[in-house]
Amino acid sequence: MASTSKDAERKLLTRREFLGISGTAAAGIAVATAVAGGVIGYFAGQTSAPAAGPAKTFTKTITAAGPTKTITAARGLKAGYIYVGPVGDYGWTHAHDEGRKWADSHVPGWKSTYVESVPEAEASGAIESLISQGAELVITTSFGYMDATADAAAKHPDKYFVHISGYKSGAAGNATQNMSAAFAEFYQLYYLCGLAAGAVTKTGIMGYVAAYPTPEVIRHINAFALGANYSYRKRTGKDIKAYVVWLFSWFNPGKTRQAAMSLVEERNADVLAFTEDSPTTLEVAEEYTTKKGRKVWSFSHYSDMRKYGPHAHLTGQIVNWGPIYRDFYRMVETDSWETVDIWGRIGDFVPYRWRKPEDKSTCCKPEGVVYPAPVNSVVPSEWTTLIKQRYEDMKELIFEPFSLEGNLGEPIRDQDGKVRIDGKIVPRADHDMLWSMNWFVDYVKSPIPK
Amino acid sequence: MVTRWVSVAVSIGAVLLAVFVTAMLFWAIGRDPIEAYAVIVHVFVDPGLLGESMARGVPIVLATLGLIVAFRMNFWNIGAEGQIYLGMFAATGVVLWGAASHMLPPALMMPTMVVTAFSVGGIWGLIPAFLRAKLQVNEVLTTLMMNYIAMLFVDYLVYGPWKDPHGHGFPLTIPFPDYALIPLIPGTTITSGVIACVVVAILVYYVLSRTKLGYEIRVVGESASAARYAGISYMQVALLGMLISAGLAGLGGLSIVSGIIGRLRPRASPGYGYTAIIVAFLSELNPWIAVPAGLIFGGLVTAGEALQAALRIPFSGIQVFQALIFLFVITGEFLKRYSLEVSWGRR
């Protein structure tokens, strides 16, 4: 009896004991860190003394802006960016950071800075930080920053604001005139990816690893399914089946891996499309293809990801935010600001917008804001040709995926069998239908979570 | 125990040491430490940045004050984050109901939100308290795991029934009307939530040190068995203590939706409930210290962003910097409790 009550006593850690233990641990770590910090500091001072050079000039440009400005900078303007993830994510944030560098290098006299990994609830503080650092133009690159950006725009009428992937702007009439909205839209590219997928699939089953059930992701899934069904039905006369697994996260490699594997194992999918900010889905496809003897295809997303799945890479959707940012830089620099609500699609920000014949197509090369990744040579040439043709047609908006033409001449139905695009009253999807899409085409067999 | 002067000296020494080590870190990655510290000071001077810092500090302080009550009774409430989410849910529910039914006069909106957020947060906290008191279920596990339930519950609402019908399908509720927002202190950029923090700190201090419940909480915290011999009902103390603890975290949730975001959204709290655990220990479970400590932490979060913007210190560097400051301060607190004795060979 005595021993059991003692044991019971022992189980309850008192506050003092807890502090004692955690304090000891803390002290140990603190001492270790202090030593490590000292050592690092010492060696940094010893070995990389020359490296301290450029850093010093960098600080000088901040404290003494005048004398270092030898470039043609009209006003020495500064842009500030806010990112939702780390710049090294190789997904959404990485793409924005590449766009930032592109814009900086294309508009002389501009400098930029950024704040990464900003939780959506903390965007207003990051915006204030950038403004206090002298940013004239603040670009916030996640949907969740919309309200904070609009509030800041109202608070700072002398600064300019661009919000990515939202619906508030002076142009739309729900924000002040110094705020614009911009977006690089992928649904046309997902349709092209679908064409490639339907051209190679053996099982006729598509898997989609999806972040959140937002209208953006839903229209991407639909566009992909429409494209896949187009080429698969032409090949085999049968419809594809598409299954979706939701992550409820924009960046979660662990969960993505599970989702991608379950689509292959449980649904027998042999093409995996995705909306997630890492190359994980492509890596899973590569593992199946090279190690498990099961051919599975996947795509690039935001950046060219071929190196993550050289044997599984089919094509993909790639973005260059740079031209969008460059135009905003120029507007601010030349005092020609106009509030806009931009959707960068195929053919936008392209100097020569006219469509080209297939043999001269610029498809799958860096062009404009959004373009497909190189198409794997395994895709039969008739389909590669169709991909090029539709890419060129979409430059002039002659072809629209959400139309009868995009669906083998048939009306587009949702999962309940309701006709959404009939070719007569609704000839093709318009901005509002795409922007607030909340239904799946009937080729998608998974429900939209409610 | 050490004298007050030594205690103050240890605290200052810990902070100075932290400043020194982070300075070396900044220097090691090629940044000017002096300039880095100028940026941090600037956060507390610039009106815009100070306002942001205080707005972030308020939910941290409220959750910390709640945790102090729980920790004082030796109840390891790791669930402030979830209780914050329940508070956000309750406050938003009142706003949506008021907007839909027009049955709530604007003047009564905020008081109703406060009462509801406190109650709903508190009731959420009763579950682990009951399980612990009745079935000896480890509260660390229950409170921690309930955080995910709360977060996913809010996800469900904003993706489903509470989605703004005019929001283009995005997972957001309607924006709160002005009368459901926490106003700024007139003439400043600082949220009036700071005043609420001080009032709550006074109340927590009063309850802990001047009431029977506070006495019982402290006795339970020192020794549960001694409390039992003294005829104190553990069940009663645990339930009341957690009602207060989780209710205050719920108020923290209210201060996020009404003071920072202006509507409910998924993942609206960036971990303030976990931050509060650190702040509770930093302030030695003392409600007076919790208020400045929480507000300063809000400033450090903002300073992290300012440092990125000004000096391009990467986010991971900012995390190391923030962690080091707290590590040193906690170590200082630890050292105060013990005297150092050097012995050679066997004792």
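Residues numbered from 1 in each chain as written. Chains lettered and ligands numbered in written order. Predicted model: local features only at pLDDT ≥ 70, side-chain atom pairs only at ≥ 80, totals over all residues. Heavy atoms only, no water.

(A) The overall build of chain B, seen in detail. If you tally the helices and strands in chain B, you get 13 helices and 0 strands. Shown N-terminal to C-terminal, the secondary structure of chain B runs as helices and strands in the order α-α-α-α-α-α-α-α-α-α-α-α-α. In terms of overall dimensions, chain B is globule-like: its C-alpha atoms have a radius of gyration of 21 Å, near the 20 Å expected for 347 residues. For chain B, the spread of C-alpha atoms along the principal axes amounts to about 75 × 60 × 35 Å. Here chain B, with 347 residues, has 56% of them falling under the buried criterion. Here the contacts in chain B between residues at least 6 apart in sequence split such that 77% fall between residues at least 24 apart. Accessible surface for chain B amounts to roughly 14700 Å². Of this, 71% is attributable to carbon and sulfur atoms. Counting 19 positive and 15 negative side-chain charges, chain B places the averaged centre of each group 9 Å from the other. (Helix = DSSP H or I, 4+ residues; strand = E, 2+ residues; numbered from the N terminus. Rg over C-alpha atoms; globule rule 2.2 N^0.38 Å. Buried < 20%, exposed > 50% of the residue type's maximum accessible area, 1.4 Å probe, protein only. Contact = heavy atoms within 4.5 Å. Areas by Shrake-Rupley, 256 points an atom, 1.4 Å probe, with all protein chains shown as cover. Lys, Arg positive; Asp, Glu negative; His and termini not counted. Charge placed at Lys NZ, Arg CZ, Asp CG, Glu CD.)

(B) Molecular detail of the packing of aromatic side chains. All names here are of chain A. Evaluated as defined, the whole model comprises 36 aromatic pairs over all chains. Between Tyr81 and Tyr325, the aromatic rings sit 5.1 Å apart at their centres with planes inclined by 75°, giving edge-to-face as the arrangement. Placement of Tyr81 in strand 1 (residues 77–82) and of Tyr325 in helix 12 (residues 322–333) is noted, with a sequence separation of 244 residues between them. Here Tyr81 and Tyr325 have matching classes, each one buried. An angle of 70° between the planes, with centres 5.4 Å apart, marks the rings of Trp92 and Tyr302 as edge-to-face. Taken together, the residues Trp92 in helix 5 (residues 92–106) and Tyr302 in strand 9 (residues 297–302) connect sequence positions 210 residues apart. Across the pair, exposure class does not vary: Trp92 and Tyr302 are buried alike. Put simply, the rings of Tyr81, Tyr83, Trp92, Tyr114, Phe186, Tyr190, Tyr208, Phe224, Phe299, Tyr302, Trp321 and Tyr325 touch in pairs and so form one group of aromatic residues. Its guanidinium or amino end placed over the ring of Tyr288, Lys292 lies 4.2 Å from that ring's centre, counting from NZ or CZ. (Phe/Tyr/Trp six-rings, centres within 6.5 Å; stacked < 30°, edge-to-face > 60°. Lys NZ or Arg CZ within 6 Å of the ring centre and 35° of its normal.)

(C) Representation of the pattern of salt bridges within the structure. Residue and element names in this part refer to chain A. Under the definition given, this model contains 26 salt bridges over all chains. The closest approach of N and O atoms between Arg294 and Glu265, which form a salt bridge, is 3.9 Å. With Arg294 in the loop between helix 11 (280–291) and strand 9 and Glu265 in helix 10 (residues 253–267), this residue pair connects regions lying 29 residues apart in the sequence. Residue classification places Glu265 among the partly exposed residues on the basis of a relative accessible area of 47%. Glu392 is the partner of Lys395 in a salt bridge, and the nearest nitrogen-oxygen pair spans 3.1 Å. Within this pair, Lys395 and its partner Glu392 are both found in helix 13 (residues 381–395), separated by 3 residues, close to a single helical turn. In this pair, the class of Lys395 matches that of Glu392, namely buried. (Salt bridge = Lys/Arg side-chain N within 4 Å of Asp/Glu carboxyl O.)

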